[in-house]
Amino acid sequence: MPVNDNYPKGLNSVTTTSPSPLDAERGELLAALATARSALTNTVRGLSDEQLGERPTVSALCLGGLIKHVASIEEGWLRFVVEGPSAMRYDLPGGVTWADLAAGTAREVPQWAIDHQNDFRMLPGETLAGILARYEQVAARSEEIVAAVPDLSATHPLPEAPWNEPGAVRSVRRVLMHVIAETAQHAGHADILRETLDGQKST
């Protein structure tokens, strides 16, 4: 299956082929990811757009922001599967260091960091329907990539960033396991937010 134009190939791309019936491992990984996604999206059933942006605990997290964040994480990692480290660049503006960024003293904040922060917020004009529709698109694209990639053991080097070990690589399999874990973790956070918000439980 050709790669969507929104996901251009890089020099270190994993080559994809026409999808064949899913093998057992791919099917199980995708099923686990679908289950985690469902656990997360179930936490927002019956809520208004305004409630999605509320922060009912001492943290800065809101339900709409959690879904946006998880969708972005999944999209980014599956782009990494196709494109390699160029899909997850963490460039800093000239003269700005990682220490500056961590301390909040950077004279200029890179766009990727701004986008990351905005993923945790409900921005003006964002709605439950829009957020869920985007998540569904991300999920469908992930399933296409997993079905088409020839080998779950294929690897790419991780991009340079303080949180990545120098020289580390990630296989398609490990990427999927990471996305499943991230989604499940945030589904748990979302459960707490929903129960704090109105006493309702998602399970």
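If you're wondering where the values come from, they're calculated on a predicted model, not measured in any experiment.

Time to look at the overall build of the protein. Tallying secondary structure elements over the protein gives 7 helices and 2 strands in all. In sequence order, the secondary structure elements of the protein are arranged as α-α-α-α-α-α-β-β-α. The 203 residues of the protein split such that 41% are buried. Within the protein, residue pairs in contact and separated by at least 24 positions form 73% of the contacts whose partners lie at least 6 positions apart. For the protein, the computed accessible surface area is about 10700 Å², with 53% contributed by carbon and sulfur atoms.

Before going further, it helps to spend a moment on the environment of alanine 181. Residue position: alanine 181 is located in helix α7 (residues 172-198). Taking relative accessible area as the criterion, alanine 181 reaches 44% and is therefore assigned partly exposed. Residues alanine 181 and alanine 36, 145 residues apart in the sequence, show an inter-C-alpha distance of 8.3 Å.

So, about the nonpolar core. Grouped together as the largest cluster of nonpolar side chains are 24 residues, with contacts concentrated most on Trp77 and Val81. Looking at this core, the elements with two or more residues in it are α1 (24-41), α3 (63-83), α6 (128-148) and α7. Among the elements that make up this core, the one with the highest residue count is α3 (6 residues). In this structure, Leu47, Leu66, Met122 and Ile131 belong to the second largest nonpolar core, which totals 19 residues.

Another point: α1. For an α-helix the count is 3.6 residues per turn, leaving residues at separations of three or four pointing the same way. For α1, with 18 residues, the first-to-last C-alpha span of 26 Å sits near the 26 Å given by 1.5 Å per residue. Listed as buried for α1 are Arg26, Leu29, Leu30, Leu33, Ala36, Arg37 and Leu40. The arc enclosing the buried residues of α1, seen along the axis, measures out at 120°, which places them on a common side. When the buried face of α1 is taken as reference, the exposed residues oriented beyond 90 degrees from it are Ala24, Glu28 and Thr35.

Okay, the layout of surface pockets next. Empty space within the largest pocket amounts to approximately 890 Å³. Going through the elements one at a time, α3, α5 (111-118) and α7 are the ones with two or more residues in the lining of the largest pocket. Looking at the lining of the largest pocket residue by residue, the classes come out as 12 nonpolar, 8 polar and 10 charged.

Take the packing of aromatic side chains next. Under the counting rule described, the total for this entry stands at 6 aromatic pairs. Relative to tryptophan 163, the ring of tryptophan 98 has its centre 5.5 Å away and its plane inclined at 85°; by these criteria the two rings are edge-to-face. Here tryptophan 98, found in helix α4 (residues 98-103), pairs with tryptophan 163, found in the loop between β1 (155-157) and β2 (169-171); they are 65 residues apart in sequence, far enough to count as distant.

This part covers the pattern of salt bridges. With the rule as written, the count across this model stands at 11 salt bridges. Between arginine 79 and glutamate 83 there is a salt bridge whose closest N-O contact spans 3.3 Å. Taken together, the positions of arginine 79 and glutamate 83, both in helix α3 and 4 residues apart, correspond to about one turn of that helix. Judged by relative accessible area, glutamate 83 falls into the buried class, the value being 5%. One salt-bridge network, held together by shared partners, links Arg37, Glu74 and Glu143.

Parameters at a glance
Residues numbered from 1 in each chain as written. Predicted model: local features only at pLDDT ≥ 70, side-chain atom pairs only at ≥ 80, totals over all residues. Heavy atoms only, no water. Helix = DSSP H or I, 4+ residues; strand = E, 2+ residues; numbered from the N terminus. Buried < 20%, exposed > 50% of the residue type's maximum accessible area, 1.4 Å probe, protein only. Contact = heavy atoms within 4.5 Å. Areas by Shrake-Rupley, 256 points an atom, 1.4 Å probe, with all protein chains shown as cover. Core = buried A, V, L, I, M, F, W, Y, C linked by side-chain atoms within 4.5 Å. Expected span 1.5 Å × (residues − 1). Arc of directions from axis to C-beta. 1 Å grid on protein atoms, 1.4 Å probe; cavity = no way out; pocket = protein on both sides within 12 Å on 5 of 7 lines; lining within 4 Å. Points joined across faces, edges and corners; volume = space filled by probe spheres on them. Nonpolar A, V, L, I, M, F, W, Y, C, P; charged D, E, K, R; others polar. Phe/Tyr/Trp six-rings, centres within 6.5 Å; stacked < 30°, edge-to-face > 60°. Salt bridge = Lys/Arg side-chain N within 4 Å of Asp/Glu carboxyl O.

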